[in-house]
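Residues per chain, in single letters:
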Amino acid sequence: MGRDTKHSEELIENAAITRLEERGVTTKDIAELVYFLQKDFYPELNETYCEEQVKHILKKREVQNAILTGIELDCLVEAGKAREPLQDLVKVDDSLYGIDEVLALSILNIYGSIGFTNYGYIDRLKPGILKGLNAKSNGKVHTFLDDIVGALAAAAASRFAHSQKRKSES
Ligand code: MG
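What this report covers is the structure whose coordinates are included nearby. (Residues numbered from 1 in each chain as written. Predicted model: local features only at pLDDT ≥ 70, side-chain atom pairs only at ≥ 80, totals over all residues. Heavy atoms only, no water.)

As a further point, take the packing of aromatic side chains. Within a pair of aromatic rings, the relevant descriptors are the distance that separates the centres and the angle that separates the planes. Following the criterion strictly, the structure yields four aromatic pairs and no others. The interplanar angle of 90° and the centroid separation of 4.7 Å between the aromatic rings of Y42 and F160 together place this pair among those described as edge-to-face. Of this pair, Y42 sits in the loop between α2 (27-38) and α3 (47-57) while F160 sits in helix α9 (residues 145-169), and the two are 118 residues apart along the sequence. Each member of the pair, Y42 together with F160, is buried. Pairwise contacts between aromatic rings join Y42, Y49 and F160 into one cluster. (Phe/Tyr/Trp six-rings, centres within 6.5 Å; stacked < 30°, edge-to-face > 60°. Helix = DSSP H or I, 4+ residues; strand = E, 2+ residues; numbered from the N terminus. Buried < 20%, exposed > 50% of the residue type's maximum accessible area, 1.4 Å probe, protein only.)

If you want it as structure tokens, here you go:
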């Protein structure tokens, strides 16, 4: 077992949100993906409510850890500072690498199997900000970020779906 960090919970949460913003992703961008996933099932849904779900997801430590780790690796590789062969595997987003998806699973795990379905769906369609993150251009490395953003949206959509189910049962 490790020890506890000297960093406060608030500092870690803020760092995760700041890293996302530095990489061009806001909670609003993620909320748009949540809306995309759920709008057909819940016509009364709006993006403000979706953004609230995203903010809840961002309060979880396992989510913050995944964001901080994945984005750090993207940035190291973007700066050419990782060692080979990892540098090239991440830079080209090698099809046999797969650890970006494994890391995203730690976000999806929070809300169980419905998260996986949502994740697979937006990963295939790449709506909204995911499209831009996936287009490899001007030396940017988003190998981890695209999966993290997809997983955040999927987890937030699942959180919402679970809350709706509880509401309809009570
Ligand atoms: Mg990826």
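Quick look at the coordination of the magnesium ion now. Coordination sphere of the magnesium ion, protein contribution only: D100 (OD), T143 (O), D146 (OD) and D147 (OD), at 2.1 to 2.7 Å. Along the chain, the residues donating to the magnesium ion fall in the pattern D-x42-T-x2-D-D. Classification of D147 as buried rests on a relative accessible area of 3%. (Donors = N, O, S within 2.8 Å, 3.2 Å for Na, K, Ca; no water.)

All right, on to the side chain of D146 then. Looking at where D146 falls in the secondary structure, it is placed in helix α9. It is K126 that comes nearest to the buried, bridge-free D146 among opposite-charge side chains, at 5.1 Å. Once residues lying within four places of it in the same chain are set aside, the contact partners of D146 are L130, L133 and N134. (Lys, Arg positive; Asp, Glu negative; His and termini not counted. Salt bridge = Lys/Arg side-chain N within 4 Å of Asp/Glu carboxyl O. Contact = heavy atoms within 4.5 Å.)

Attention now moves to unusual backbone geometry. With an omega of 5°, the peptide bond running from E84 to P85 counts as cis. Within the element layout of this structure, P85 appears in the loop between α4 (61-78) and α5 (86-91). The phi dihedral of K126 falls on the positive side, at around 45°, and the residue is not glycine. In this fold, K126 is placed in the loop between α7 (113-125) and α8 (129-134).

Glancing now at the pattern of salt bridges. Summed over the entire model, instances satisfying the criterion amount to eight salt bridges. With a shortest N-O distance of 3.0 Å, D123 and K126 are connected by a salt bridge. Judged by relative accessible area, which is 21%, K126 ranks as partly exposed. Close ionic contact of K165 with E169 constitutes a salt bridge, the shortest N to O distance being 2.9 Å.

It is worth stressing that arrangement in space is one thing and function is another; only the former is reported here.
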